[in-house]
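# Survey of secondary and tertiary structure
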Amino acid sequence: MTQTYDAIVIGAGVMGASIAFHLAERGLKTAILERKVTASGATGHSSGLVRMHYDLAAESELTFKSYQLYFNNWRERVGGDTSTALSASCGFQNTGFLQIARREHEDKLRGNVANQQRLGINTSVISVDEVRKLFPDLVTEHFDHAAYEPDSGYADATLTTNSFIEAAKCNGAVLIQNCEATAVHTSGGKVTGVGTTRDDFSSPIVVNAAGPWAKHVAALAGIDVPLVTWTHDVAFLHRPPALGRIPAVIDDVINCYFRPEGSALILAAGEDESLRGEAPDAEDQTPTPTFVDKLIDAMVQRIPKIEESGLHSIHVGRDGITPDQRAIYSGTDLDGFYLACGLSGTGFKTSPAAGASMAELILDGKPKTVDITPFRFTRFAEGKLIEGEYGYGHIWK
Ligand SMILES: Cc1cc2nc3c(=O)[nH]c(=O)nc-3n(C[C@H](O)[C@H](O)[C@H](O)COP(=O)(O)OP(=O)(O)OC[C@H]3O[C@@H](n4cnc5c(N)ncnc54)[C@H](O)[C@@H]3O)c2cc1C
């Protein structure tokens, strides 16, 4: 049987959910096809940080718009099924955010913060004295300055995804789970639909939002996307009882990031051991052997009270990463076939505005919410990889 839709989104992670929400809002009869269940890929393992500090203004702007228009205004902007409080929520928690910079990166920190202030973001460079006053439990050794964003924090990526989907359904979208796209149908240089493990789907618009599987899905359309799998270990620590308020932190000195997880836990992760190139289907939840010891050693340097804590649990997530560690938001040479993938370990916080901009690109030919042109697919063939204005040279760009 063939089902017919105005638009098909492949993948029900946060990116596919956001795009489907925005397409359905514009009146398109939209189907979201998901091989497993919603948020079963990168999204379900996301650390959910919502910070605006990037070394690239376009990414800061994507998060800023996502924060302003969505995370901070979820019920009004997205809504979803308001009969249940949860499905109309993204779980945003305003903890504040600190970007701790190495001493040799002070100029870069100041350059990035100046760019972000020009966009209207509430951020400033603060001294260690100010950090101590705000968060007395953080040890302020080995750095002189940090960027502070009082408005930032974290949200729940699974809740965000399901809320987008519930809201899309209110506008007529359909979610079909356990439905794997196995073919992309084309005719005369145009996409015409998708073959799946269930039905055939006919549509003039197909969006590949398949996360780390997006390379495989693009190959079904004869398109080679430069994307590999990035594997990332995340730990949950018991929060030491005597620990005071801590913000969300990216700490370039100890090479970790961490944030509160509710009132009882701390989420923490490092970067230097993240693997690349595993099969996206790897289900292995075993972290790299030295992950926990290295993480705790590092965390104790910043929060000595972590000594009184203990490990609660670990999970391992996988995202798609591109050669310049920036997303691809783009049309392709195949008319009607779009890419929203390669989110490179950082695409949760930007997904609301990126989804809005993708819908505008698809329907109006030009993005309006944020100019996502820098994230075009052709940049790889053009040899114009994206470089940050004041790059720190690591994964958390
Ligand atoms: C451990 C970890 C921590 C992270 N922390 C943060 C963070 O703190 N802040 C932040 O902003 N970002 C973070 N990220 C990144 C962010 O979570 C991801 O960029 C984002 O969730 C990717 O969403 P997605 O929808 O593109 O992909 P996914 O969530 O992977 O969704 C893709 C979906 O496509 C489905 N699919 C695949 N192939 C097919 C097919 N053939 N047919 C149908 N469906 C298919 C999959 O089953 C999957 O559900 C983190 C990522 C990881 C892994």
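Our structure is the block above this text.
Predicted model only: the values in this text are computed from it and were never measured.

What the chain contains, in helices and strands, is 10 helices and 22 strands. Relative to a compact globule of 397 residues, whose C-alpha radius of gyration would be 21 Å, the chain shows 21 Å and is just as compact. In terms of its C-alpha atoms, the chain occupies a principal-axis envelope of roughly 65 × 40 × 40 Å. Looking at the chain as a whole, 57% of its 397 residues qualify as buried. With an accessible surface of roughly 15,200 Å², the chain has 49% of that area assigned to carbon and sulfur atoms.

Lining the immediate surroundings of the ligand are 40 residues, of which E34, T43, A181, D319 and K349 lie closest. In the environment of the ligand, an oxygen atom lies 2.6 Å from a nitrogen or oxygen atom belonging to the side chain of E34. G48 has a polar backbone atom sitting 3.1 Å from an oxygen atom of the ligand. Across the complex, the protein chains shield 99% of the 1,000 Å² of accessible surface that the ligand would expose by itself.

Side chains of D293, D297, E307 and E308 sit close together on the surface and give a patch of like negative charge. Overall, D293 belongs to the exposed group, its relative accessible area being 53%.

Turning our eyes to something else, we now look at the layout of surface pockets. A volume near 760 Å³ is recorded for the largest pocket. Lining the largest pocket are 47 residues; nearest its centre among them are G41, A42, T43, R318 and D319. Mapped by element, the contributors of at least two residues to the lining of the largest pocket are helix 1 (14-25), helix 7 (214-220), strand 15 (228-238) and strand 20 (311-321). Residues that form the lining of the largest pocket fall into these classes: 23 nonpolar, 16 polar and 8 charged. Inspection of the lining of the largest pocket shows a minimum of three residues originating in each of domain 1 (2-46 + 158-227 + 324-382) and domain 2 (94-152 + 229-320).

How each quantity is defined
Residues numbered from 1 in each chain as written. Predicted model: local features only at pLDDT ≥ 70, side-chain atom pairs only at ≥ 80, totals over all residues. Heavy atoms only, no water. Helix = DSSP H or I, 4+ residues; strand = E, 2+ residues; numbered from the N terminus. Rg over C-alpha atoms; globule rule 2.2 N^0.38 Å. Buried < 20%, exposed > 50% of the residue type's maximum accessible area, 1.4 Å probe, protein only. Areas by Shrake-Rupley, 256 points an atom, 1.4 Å probe, with all protein chains shown as cover. Near = heavy atom within 4 Å. Polar contact = N/O pair within 3.5 Å; in protein donor to acceptor, adjacent residues only side chain to side chain. Patch = residues over 30% accessible without salt bridge, like charges linked within 9 Å, V, L, I, M, F, W, Y side chains within 5 Å. Salt bridge = Lys/Arg side-chain N within 4 Å of Asp/Glu carboxyl O. Lys, Arg positive; Asp, Glu negative; His and termini not counted. Charge placed at Lys NZ, Arg CZ, Asp CG, Glu CD. 1 Å grid on protein atoms, 1.4 Å probe; cavity = no way out; pocket = protein on both sides within 12 Å on 5 of 7 lines; lining within 4 Å. Points joined across faces, edges and corners; volume = space filled by probe spheres on them. Nonpolar A, V, L, I, M, F, W, Y, C, P; charged D, E, K, R; others polar. Domains from an automatic or database assignment.

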